[in-house]
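# Per-entry structural report
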Amino acid sequence: MSEAAWAALDADAARLKATSLRALFEADEKRFERLSFRLDDLLIDFSKEKIDAGALRALLALAKARGVAARRDAMVRGEPINETEGRAVWHMALRGSVDDAPAEVNEVRERFLTFAEDVRAGRFAPAAGGRFTDVVNIGIGGSDLGPVMAVRALRPDHDGPRMHFVSNVDGAHLTDVLAWLDPKTTMAVIASKTFTTQETMTNARSMREWLAASGVEHGAHLAAVSTNLEGTAEFGVDERRVFGFWDWVGGRYSIWSAIGLPLAIAIGAEGFRSFLKGAAAMDRHFLTAPAERNLPLLLGLVGLFRRSCMGWPTVALIPYDQRLERFPAYVQQLDMESNGKRVTLAGEPVGRATGPVIWGEPGTNAQHSFFQLLHQGADVIPVEFIAAVEPREALGDHHALLLANCLAQGRALAFGRTEAEARAEMARAGQSAREIDRLAAHRTFPGDRPSTTILHRRLDAHSLGRLIALYEHKVFVQGAIWGIDSFDQWGVELGKVLASELIPMLKGAPAEKLDSSTAGLLQAIRGA
Ligand SMILES: O=P(O)(O)OC[C@H]1O[C@](O)(CO)[C@@H](O)[C@@H]1O
């Protein structure tokens, strides 16, 4: 049954490759109305994608044939859909979107939100008195990217102590962050699901030494977030400041758990609850909206069509919102660690291209760096634009300029500028025929480059929660159709094992059983 659905999609892809976006818009003046979808103030416009009603029908048929709704419902019921690790995938329980969530979810949430308020109000204070002015979150991957992204996104709501994030095992990271801080008024949150991650534990130990070296009672400056309570105790974190979570929360899905503590300290408990409510609003929509109007389903299907049928390997995620500067990096982990797999749950090759490369930077900066390639390079790179209709602060005409640029880029990508148009423009500008001949090809934009535009009213805790949940569910939909396990990450294991083997050699142990390249590089490092 799904073979038939894939075959129909391949036919749609062939037809749409031969039909330009210009032609699609000319053929249907209601294209925007037909291909844009809303949830409250959130609007997703797919009309500049290379899709049409036929392709969308075929995509919905594929989702049905692949049992996406049944798998979604199994996820909500807490079934172990992360089959390779035998775990449930229950991050929706953290935002009140499942029945029968364990009582400890609420208990831990209340504890860490109370702690956040205590830090903000100075009730939890440094050992030697005063107030904590700075908080350093030490974590990596899902224990870093969510908190850092969300804290930056919600800067206008940030009225707690200053927040800092250290993730890289490169000592430069910790050194540069600590250089500006006073240990007497700095606390650390050690965030690690496993509490064994080499980078995080190394940074945590160095942080503890930095606190101890200043003479502060370092234990009183530490908090931890982890599923490994033995590990946190062994490290010396007082259990009153340890906030747990559970193996059914994937690292890249953990911002809703106590991993969100830095965000709660920054914006307060009420702000954090609003963030959870935004995600819950998207959950409700994903669970109940009809397939033809279901935003995460459609976002997933359009992306899947680009990747598995049109063959485009990457997606540029471009928020026209400076405060979403880390959103592309956040979605990069969410999507690439989830769907960067090539075998199905049964261990068979998927047989189709799977998770795309996700990358991006905020606009308008991106326009002045890599947009040249998006417009005139040899590859088609679909773009997802994100913008807020209202700015958080009124500052002259900045926001109008920002939005004008966002809309202009989508138009330029989709419709380009034909050679005839380029020539006519140069002629109007009074350029000679010779000059026109010389430059016409350079000034032609092929166009026909797809984009999706996501608009919401403004960026706040609620809309950020909703946006993240939109992307989480989109990733889920694609993984379900490809039949892969979107919730494991075996691909990060081998590098970890090989690094452990190399550590002693970097510290002087004899180099053994190495390939000639690695041996040569090690030699060069030792001899340097
Ligand atoms: O929270 P932990 O256990 O320190 O893991 C950090 C990150 O490392 C990974 O396990 C692998 O990179 C991610 O999935 C995770 O978010």
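In this numbering scheme, every chain counts its residues from 1 along its sequence in written order. For a predicted model such as this one, the threshold for reporting local features is a pLDDT of at least 70, and the threshold for listing and counting side-chain atom pairs is 80 or more; totals across whole chains, interfaces and linings nevertheless cover every residue. Computation of side-chain values covers all heavy atoms of the structure but excludes hydrogens and water.

## Thoughts on the pattern of salt bridges
The rule for a salt bridge is simple: a side-chain nitrogen of Lys or Arg has to be within 4 Å of a carboxyl oxygen of Asp or Glu. This model, assessed by the stated rule, comprises 34 salt bridges. Between Asp157 and Arg392 there is a salt bridge whose closest N-O contact spans 2.6 Å. With a gap of 235 residues between them, Asp157 in the loop between α7 (145–153) and β4 (162–166) and Arg392 in the loop between β10 (383–388) and α15 (398–415) connect regions that are remote in the sequence. Overall, Arg392 belongs to the partly exposed group, its relative accessible area being 23%. Taken together, the shared-partner salt bridges in this structure form one network comprising Asp12, Arg15 and Asp52. Put simply, DSSP marks the helices as runs of H or I at least four residues long and the strands as runs of E at least two long, and each gets a number from the N terminus on. The buried label applies to any residue whose accessible area, calculated with a 1.4 Å probe on protein chains only, is under 20% of its type's maximum; exposed applies above 50%, and partly exposed to all values in between.

## Here we look at the packing of helix α1 (residues 2–17) against helix α4 (residues 53–65)
Describing two packed helices takes the angle between their axes plus the distance from one axis to the other. Axis definition: a line fitted to C-alpha atoms, limited for helices to the stretch in contact. Angles are taken between N-to-C directions and run from 0 to 180 degrees. For the pair α1 and α4, interaxial distance at closest approach is 9 Å and the crossing angle is 160°. Considering their axes alone, α1 and α4 lie roughly antiparallel with respect to each other. For the pair α1 and α4, the crossing hand works out as left-handed. Listed contacts from α4 to Ser2, Ala5, Trp6, Ala8, Leu9, Asp12, Arg15 and Leu16 of α1 are Gly54, Ala55, Ala58, Leu59, Ala61, Leu62 and Ala65. Residue polarity is assigned by list, with Asp, Glu, Lys and Arg as charged and Ala, Val, Leu, Ile, Met, Phe, Trp, Tyr, Cys and Pro as nonpolar; anything else, Gly included, falls into the polar class. Of the residues that constitute the contact of α1 with α4, the class distribution is 11 nonpolar, 2 polar and 2 charged. The labels follow the angle: roughly parallel below 35 degrees, roughly antiparallel above 145, roughly perpendicular from 65 to 115, and oblique for the rest. Rotating anticlockwise by less than a right angle from the far helix to the near helix defines a left-handed crossing, while the corresponding clockwise rotation defines a right-handed one. Any two residues having at least one pair of non-hydrogen atoms within 4.5 Å are treated as being in contact.

## Remarks on the domain arrangement of the protein chain
What counts as a domain boundary in this text is fixed by an automatic or database domain assignment. Assigned domains within the protein chain: domain 1 (2–65 + 289–415 + 449–488), domain 2 (91–272) and domain 3 (499–527). Between the C-alpha centres of domain 1 and domain 3 there is a distance of 43 Å.

## Observations regarding the site of the ligand
In the region of the ligand, 13 residues are neighbours, and Gly142, Ser143, Ser192, Thr194 and Thr197 sit closest. By the criterion applied in these results, polar contacts are pairs of N or O atoms within 3.5 Å in which, for protein atoms, one can donate a hydrogen and the other can accept it, and in which residues neighboring in sequence qualify only through two side-chain atoms. Here Ser143 contributes a side-chain N or O atom positioned 2.6 Å from an oxygen atom of the ligand. Each accessible area is a Shrake-Rupley estimate made with a 1.4 Å probe; only the visible protein chains count as cover when residues are assessed. Notes on the ligand: free accessible area 390 Å², of which the protein chains cover 87%. Split by residue class, the shell around the ligand holds 2 nonpolar, 9 polar and 2 charged. Throughout, the term near means that a residue has one or more heavy atoms lying within 4 Å of the molecule or strand in question.

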